[in-house]
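# Per-entry structural report
Below, each chain spelled out in residue letters.
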Amino acid sequence: MTDFKKLNNLTGWAVFAVSMIAYVLTVERTASFWDCGEFIAIAYKLEVSHPPGAPLFMLIGRLFSFLSFGDVTRVAYWVNMSSVIASAFTVLFLYWSIVMLGRKLISAKVGEETSFQKLMLAGGGAVGALAFAFTDSFWFSAVEGEVYAMSSFFTAIVFWAMLKWELVEDESHGNKWLLFIAYMLGLSTGIHLLGLVTLPALGLLYYFKKYKNPNWKGAAIAMAFSLFLVLFINSFIIPGLPTIAGKLEVTFVNTFGLPFGSGALFLFILVIAAIVFGLKYTAKKEMVNLNTLILSMAFVLLGYSCYAVILIRSRADPPIDQNNPEDVMTFISYLKREQYGSRPLVYGQYFNAPQTDITKGAPIYYKADDEYKIADYKTEAEYDPAYQTLMPRMWSSSPAHAQRYMQIAGLRPGERPSFGDNLYFMFTHQIGHMYLRYFMFNFAGRESDIQDADWIGPFESNKDLPETIKNNKGRNQYFMIPLILGLIGFFFQFNKDPKRFFATLMFFILTGVALVIYLNSPPVEPRERDYIYAGSYYVFAIWIGLSVLAIGSALVKRGKQLAPIAVALGMIAPIILAAENWDDHDRSDRYFSVDSARNFLASCAPNAILFTGGDNDTFPLWYIQEVEGFRTDVRVVVLSYYQTDWYVDQTAQKMNDSEAFPYSLRKENYRQGKNDILFISEQPQFAGQAVDLEQYLDVLRRDVDAFKRTFTSGDEYMIIPSKSLMLNIDTAAVLEKNIIPEKLKPYVTPRMFFNFNQDQNGELQSTILDKGQMMLLDLIATNNWERPIYFNYTSVASLNFDLDPYLVQEGMAYRLLPVRNPGGMRELVDTDLMYKNVMEEMRFRGLDNPKANLNEDYRGFVQNHRSMFATLAEALALEGDTARAKEVLDYGMEKMPAEAVPYDVSTVAIAENYFRIGETETGTRIAMEIAKQFNEELTYLQNKKRIGSRDFSSKLRGLQYLHLVLGEYGKNEEAQTVRSMMEEQNVRLNIDRSNF
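Quantities reported herein were computed from a predicted structural model and do not represent experimental measurements. (Residues numbered from 1 in each chain as written. Predicted model: local features only at pLDDT ≥ 70, side-chain atom pairs only at ≥ 80, totals over all residues. Heavy atoms only, no water.)

### What to know about the overall build of the chain
Of regular secondary structure, the chain possesses 38 helices and 19 strands. Here the C-alpha atoms of the chain give a radius of gyration of 31 Å, agreeing with the 30 Å that 2.2 N^0.38 yields for 996 residues. Along the longest, intermediate and shortest principal axes, the C-alpha atoms of the chain span 90 × 80 × 60 Å. Looking at the chain as a whole, 57% of its 996 residues are labelled buried. Contacts in the chain between residues far apart in sequence, at least 24 positions, make up 74% of those at least 6 positions apart. With the model as given, the accessible surface of the chain reaches about 41600 Å², and the carbon-plus-sulfur share is 57%. Separation of charge centres in the chain, based on 93 positive and 108 negative side chains, amounts to 9 Å. (Helix = DSSP H or I, 4+ residues; strand = E, 2+ residues; numbered from the N terminus. Rg over C-alpha atoms; globule rule 2.2 N^0.38 Å. Buried < 20%, exposed > 50% of the residue type's maximum accessible area, 1.4 Å probe, protein only. Contact = heavy atoms within 4.5 Å. Areas by Shrake-Rupley, 256 points an atom, 1.4 Å probe, with all protein chains shown as cover. Lys, Arg positive; Asp, Glu negative; His and termini not counted. Charge placed at Lys NZ, Arg CZ, Asp CG, Glu CD.)

Here's what the structure looks like:
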């Protein structure tokens, strides 16, 4: 065989090429859902993403965007390609890391490798690296423009550099590797903090190399010191230095009268001086280790300095400028992620702990003309000590989270969790459901891409599965082969090289179970979070590679000619992973993430304002506006951000082609700490009456004391003295503006009532109105119908007052108009305009392709669009326009057929509307197809003991509705068939419930 160095390099680059080709073929051609739209947009225009930012990713993404050569539709592809290349390099460095770890296991000395050793090292490295390349979680991140692929690259290169350093005999040369590691860790903070968890592995490797007679005590000390370094960087350097800068800044500016920025500049000079002094002193005293440590911290800070880009770009006021971190104080808040709050880790409250007090903490400053002034104080809730515990895992008081805690732990309403319940939740849900299940997704098999699906074992059959599960591209069966190989490698390294095994194991634990405990996630997540733990899957892939050496060592005892069988057996893992995972990771023909964003914006009139409920709704809209330049006249407003003064300020400025918003309230009325919440407290003089909105806004503007109440905490808040606000409408002026559709002019109303949400007993569902909704009411009143105001479905659902009577659907968005929906009408629809928007302005690329990878994210947006088609068809049918109604229904079924996107609950309304327009045969066919699918899925979910899932309840309601529809339109035989399905499900449901 050839020289091993050359073989090693060639094999490594071959592994790189294989993974690179796979990722290039499967990479998404545009912006994916979730954070990708935001990251691609901020990379393209160097804007400011959500805290704590990703400046290095932004700069690298900007470089890749140049490869689009001015074609804005190709920008996303090239930013995604940065993840492709980073991921391929991650696989390359993993290969080289496996080879270095494998040398010790088979006693392969550098330059003296036997043919057997060469085959084992190259083969084992290739097997482990390619297995990781095709794992579910890593491949998912490799083909989209997000930070996790690049973060994995830095983690891989740091671990590889640690192993390289360990091989270096010359200490002075070895220290260069330590400095390189430090710089890579510093740079990685500009992408993600995952790389820091490699430090404990380095600590153990350092100890085992430096000390010839290691023991458990020494290893524990090395571990403790390296963990301290992680905490030092994560808790002091990253958030701590900015905090010190903030305190110095306030002192220098407010006390000494120095210019803005002087405190931060002083700290910068002080840190530089301390580093220089430390280096000179340790060099003089020949304190080599301390000198290297100080220099390493300097390199970490050098890498961390890329965050200056955030401050620089925020000062330019780009359209996406989250938190507006353009001065020292706001920059500190941004870096510390203060807008997200905190979660208890070591000691804290249970989810149902009674709150006993609210204490004021540190002041929050804002930059005034010549000093920093206090806007508000940080507050901290205090809880009943009887409801607090060590290691609080069941902590979130969100109603949805509280309900799920009780379900998992079997608690009754009001019952205090025990510490045993707390640990049960940690082990069963956080570690079991949210980590071990993900681990098995990657190495054993996956049931489907539906959220909360389970992993599958080697004997799980496709027999008797619903077609939607059987054909689900996310259903992957690996027969546990990667898992078994990884366990073989795990025990082989433990037996042959315990020192490096424990270093590797620490890396595995810190990127897996320890990360689960640190994150302390709530029980309900908007999507699967498996990509967070890719570092631990990386380590397990090392053991998959080492299994080849284990098998080869066993076979060689029976004859050297059998050694290649070990590589062949090992290669089964990457081959089966690639074969099973290809279809659900191939994003090459997906475009609906961008098309759905286009469809929302295409639903809006010129110069519109579109409210969205949260950032995940918004990121695709930002992408298509900021990158592709589509409908930049529409101002997209994230309702959850609207509660902050910096975001209100941004809406009061012109952005792109969107003019500034008009407000009657001034900055002093909505600055942080002022009117953050309004308390709804009906006063006797306003009982049963609506308060005039414009008059109330004037009360807020003048800060009238008569409308203030002081609470036990000592804080003073404004109140809304009624359960309803009312806005007078100049109907003549509105009609003159010609904004009311002709068909809706009879419904124009002289007054709009904004009734706060109440339960059946007339009690308020919430007694609080947040600042964002206050500013929304101000905008509605002050805008005076000059600019169109729209809402998407999530923003409407998040409001504390009822806008439904005044919303008119014009596509995927609902326009607010001074027309009142008369009782009995389902929804107001501008049928002519909505028909034009749906049939002419919207796109549905790829939704008719059964081979396209339309995972659960896509199917959710398809369901929303199917509902839109059903709503339009129903409105047309009620107007007697059955021809256009049929055209709409046929078009929707053509663009989103069941062969490509399985039926969902929205298609029940599609079937009903076919009946409504007289297309009985088509309606019956679709209805029975839906019933068959739903019945199969319900049976499957019952067999899997998932009767509490949202999918189960929605499908059961869908069957019930189908039964009513079929009966209403005289399809009695089919209705009886569906009824039999329902009865069968109910019988099974009662049996299942009796087992709980």
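### With respect to the pairing of strand 2 (residues 355-367)
Relative to strand 3 (residues 372-383), strand 2 is paired through 10 bridges, and the arrangement is antiparallel. Bridge pairing links Ile-358 to Ala-381 in strand 3. Taken together, strand 2 and the strand that follows it, strand 3, pair antiparallel across an intervening segment of four residues. (Pairing = 2+ DSSP bridges.)

### Remarks on helix 32 (residues 831-841)
Buried residues of helix 32: Thr-831, Met-834, Tyr-835, Asn-837, Val-838 and Met-839, and no others. Each element contacted by the buried residues of helix 32 is listed here: helix 24 (592-602), strand 17 (807-809), strand 19 (828-829), helix 33 (856-878) and helix 34 (882-895).

### Description of the pairing of strand 8 (residues 635-638)
What you see with strand 8 is no split at all: Arg-635 and Val-637 on one side and Val-636 and Val-638 on the other are buried throughout. Where strand 7 (residues 609-612) and strand 8 come together, four bridges link them in parallel fashion. Paired with Phe-611 across the strands is Val-637, a residue of strand 8. At this point the chain moves from strand 7, through helix 25 (residues 615-626), to the parallel strand 8, and the crossover so formed is right-handed. (Right-handed = clockwise from strand over helix to strand, strands pointing away.)

### Structural notes on the confidence of the model for the chain
Taken as a whole, the chain shows an average pLDDT of 92; of its residues, 99% reach a score of 70 or greater. Helix 38 (residues 972-994) is the least confidently modelled element of the chain, averaging 83 in pLDDT, while strand 16 (residues 789-791) averages 98, the highest of any element. (pLDDT = per-residue confidence, 0-100.)

### Some thoughts on the sheet that holds strand 9 (residues 677-680)
Strand order in the open sheet formed by four strands is 11-12-9-15, with mixed pairing between adjacent strands. Both outer strands of the open sheet, strand 11 (708-710) and strand 15 (768-770), are each paired with one neighbouring strand and no more. When the angles between neighbouring strand axes are averaged without regard to direction, this sheet yields 40°. Bridge count for strand 11 against strand 12 (residues 716-720) is three bridges, and the pairing is antiparallel. Across the sheet, Arg-709 pairs through a bridge with Tyr-717, a residue of strand 12. With respect to the sheet, helix 28 (residues 693-702) is in contact with strand 9 and strand 12, its orientation differing from that of strand 12 by roughly 170°. (Axes fitted to C-alpha atoms, helices over the stretch in contact; angles between N-to-C directions.)

### Quick look at the pattern of salt bridges
In the structure shown here, the tally under the stated rule is 45 salt bridges. In this structure, Lys-654 and Glu-659 form a salt bridge, with 3.6 Å as the shortest nitrogen-oxygen distance. Of the charged contacts, one joins Asp-705 and Lys-708 as a salt bridge, the two residues approaching to 3.2 Å between their closest N and O atoms. Classification of Asp-705 as exposed rests on a relative accessible area of 57%. The network of salt bridges with shared partners includes Lys-674, Asp-703, Asp-705, Lys-708 and Glu-716. (Salt bridge = Lys/Arg side-chain N within 4 Å of Asp/Glu carboxyl O.)

### Some words on the nonpolar core
Counting residues in each nonpolar core, the largest one holds 296 residues, and the members touching the most others are Phe-611, Tyr-642, Phe-754, Phe-791 and Leu-816. In terms of residue count, the dominant contributor to this core is helix 4 (residues 75-105) (19 residues). Setting aside residues no more than four positions away along its own chain, Leu-816 makes contact with Met-752, Ile-780, Trp-785, Ile-789, Phe-791, Leu-803, Tyr-806 and Leu-807. Core analysis: the second largest hydrophobic core is formed by 10 residues, Tyr-350, Phe-351, Tyr-405 and Phe-425 among them. (Core = buried A, V, L, I, M, F, W, Y, C linked by side-chain atoms within 4.5 Å.)

### Observations concerning helix 33
End to end, helix 33 covers 33 Å across 23 residues, agreeing with the expected 33 Å (1.5 Å per residue, within 8%). Where helix 33 terminates, the next one or two residues include Gly-880, which has phi positive at roughly 90°. (Expected span 1.5 Å × (residues − 1).)

### A short note on the side chain of Gln-650
Along the chain, the position of Gln-650 falls in helix 26 (residues 645-651). Apart from residues no more than four positions distant in its own chain, Gln-650 is found in contact with Pro-319, Asp-321, Asn-324, Arg-635 and Met-655.

### Considerations on the sheet that holds strand 10 (residues 691-692)
Reading across the sheet, the three strands line up as 10-13-14 and stay open at both edges, with mixed pairing between neighbours. The strands lining the two open edges of the sheet, one partner per strand, are strand 10 and strand 14 (751-755). Bridge analysis of strand 10 against strand 13 (residues 724-728) gives two bridges, and the strand direction is parallel. Residue Val-691 lies in a different strand from strand 13, and its bridge partner there is Leu-725.

### Remarks on the environment of Asn-254
Along the chain, Asn-254 turns up in helix 11 (residues 240-255). For Asn-254, a relative accessible area of 29% puts it in the partly exposed group. When the C-alpha atoms of Asn-254 and Tyr-372 are compared, they prove to be 6.5 Å apart, with 118 residues separating the residues in sequence. With sequence-adjacent residues up to four places away left out, Asn-254 is seen in contact with Tyr-365, Glu-371 and Tyr-372. Polar side-chain contacts of Asn-254 include one of 2.8 Å to the backbone oxygen of Tyr-372. (Polar contact = N/O pair within 3.5 Å; in protein donor to acceptor, adjacent residues only side chain to side chain.)

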